[in-house]
Amino acid sequence: MTAARVLVIGLDPAGIQGWDPEPVQAAIARGRARFDDHDLEADWCLVALDENPEGAITQALTGADYGCVVIGGGIRGHEPLLELFEKVINLVRRHAPEAAIAFNRGPEDCADAALRWLRRPGGTG
C-alpha cells in the first residue's frame, strides 16, 4: 500500500474549560502512535473554539495533499457544534476535494478510520 498522508481534525482538549484534558491527551498520543504502526503520515489539527477554528482548519487543509481527513467526535458528536461540523465538512470539500472523509470513534482509532478509506478499491491507498 502506498502511504497516504492523513489529516486529523479535532478539538484541542486543553482548550476546553471545566474538565481535565489529560486523559484525552493521553488517548491522542496513543492514537498518534497507531499511525506509526501502519507507516502512515498524519498531521493533527486540534482547534480551540475561541481561536478561529475555521482559519486553523483551512491552513491545515492547504498545507499538504491529504488522502484522507478524519474528523473527530468532539466536533461532530456535540450538538451545539453542529454548525462548526458543517463548516468543517465544507472546508474539506473546498480545500481537499480528493480526500476521503472518515470519522473516528475516539482519539485512539483515527488510524483505523483513515485505513477504512485508504484501503478501499479506487481509494488513495
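Bear in mind the structure is a predicted one, so any value in this text is a computation, not a measurement. (Residues numbered from 1 in each chain as written. Predicted model: local features only at pLDDT ≥ 70, side-chain atom pairs only at ≥ 80, totals over all residues. Heavy atoms only, no water.)

Asker: Give a description of unusual backbone geometry that names residues and reports values.
Answerer: Located in the positive-phi region is Asp 39, a residue other than glycine, with phi close to 55°. With respect to the helices and strands, the residue Asp 39 is situated in the loop between helix H1 (22–37) and strand E2 (42–47). Residue classification places Asp 39 among the exposed residues on the basis of a relative accessible area of 64%. For Asn 52, which is not glycine, the phi dihedral falls at a positive 55°. Tracing the backbone through its elements, the reader meets Asn 52 in the loop between E2 and helix H2 (53–61). (Helix = DSSP H or I, 4+ residues; strand = E, 2+ residues; numbered from the N terminus. Buried < 20%, exposed > 50% of the residue type's maximum accessible area, 1.4 Å probe, protein only.)

Asker: How would you sum up the pairing of strand E1 (residues 6–11)? Please name residues and give values.
Answerer: Working note: regular strand, side chains alternate between the two faces of the sheet. Within E1, six of the six residues are buried, which leaves it mostly tucked inside the rest of the structure. Pairing of E1 with E2 involves six bridges; the strand directions are parallel. Looking at the pairing, Val 8 lines up with Trp 44 of E2. For the segment spanning E1, H1 and E2, crossover handedness is right-handed. (Pairing = 2+ DSSP bridges. Right-handed = clockwise from strand over helix to strand, strands pointing away.)

Purely geometric stuff here, so don't read any function into it on its own.
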